[in-house]
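# Coordinate inspection notes
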Amino acid sequence: MATEGQMNVPRRYRATGPHETRQLIAKIRTAFPDAKFALQQRIEDDKGGVAFVWSVRGTHSGEVDGYSPTGAPATMTIVTSAITAPSGAR
């Protein structure tokens, strides 16, 4: 459950793969033209998994998916993950 000032992200704002990720970033940049992305944390495991925690700050000044701009500042947390090949693998 979300607390005041937070919201749960609907499924349509989740991405799998490079194409969907590009589409999601385009939506964020449309809604928040002044968006600033910052890498907060990188987490690796010994099986080739890696995750990144990003923060995004911006002002909701663009319409997206029928949501009118509010002019409100917003901060989002985005988590991305991937499995990488072992070093030297081709």
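Structure's up top.
The paragraphs below set out a description of the structure included in this document. (Residues numbered from 1 in each chain as written. Predicted model: local features only at pLDDT ≥ 70, side-chain atom pairs only at ≥ 80, totals over all residues. Heavy atoms only, no water.)

## Here's the deal with the sheet that holds strand β1 (residues 36-44)
As a reminder of what qualifies: Only when DSSP finds a minimum of two bridges between them are two strands counted as paired. Helix and strand definitions here come from DSSP, where helices need a minimum of 4 consecutive H or I residues and strands a minimum of 2 consecutive E residues; each element is numbered from the N-terminal end. Every angle, taken between N-to-C directions, lies between 0 and 180 degrees, and every axis is a line fitted to C-alpha atoms, over only the stretch in contact when it is a helix.
An order of β1-β2-β3 is seen for the 3 strands of this open sheet, with the pairing classed as antiparallel. Of all strands in the sheet, those bounded by a partner on one side alone are β1 and β3 (73-83). Direction aside, neighbouring strands of the sheet carry axes that sit 20 degrees apart on average.

## So, the packing of aromatic side chains
Counted only if it meets this: Side-chain rings of Phe, Tyr and Trp, where Trp is taken by its six-membered ring, are said to pair if the distance between their centres is within 6.5 Å; with planes under 30 degrees apart they count as stacked, over 60 as edge-to-face, and otherwise as tilted. Relative accessible area decides the class of each residue, using a 1.4 Å probe on protein chains only: under 20% of the type maximum gives buried, over 50% gives exposed, and in between gives partly exposed.
Summed over the entire model, instances satisfying the criterion amount to 1 aromatic pair. Residues F52 and W54 carry aromatic rings whose centres are separated by 6.4 Å and whose planes lie at 40 degrees to one another, so their mutual orientation is tilted. Owing to a relative accessible area of 22%, F52 belongs among the partly exposed residues under this scheme. A relative accessible area of 27% means that W54 is categorised as partly exposed.

## Focus on the environment of P73
Short version of the rule: It only takes one pair of heavy atoms within 4.5 Å for two residues to be counted as in contact.
Inspection of the secondary structure assignment puts P73 in strand β3. Among the residues examined, P73 registers a relative accessible area of 71% and is labelled exposed. For the pair P73 and T59, spaced 14 residues apart in the sequence, the C-alpha separation amounts to 4.3 Å. Those residues in contact with P73 that sit more than four places away from it in its chain are G58 and T59.

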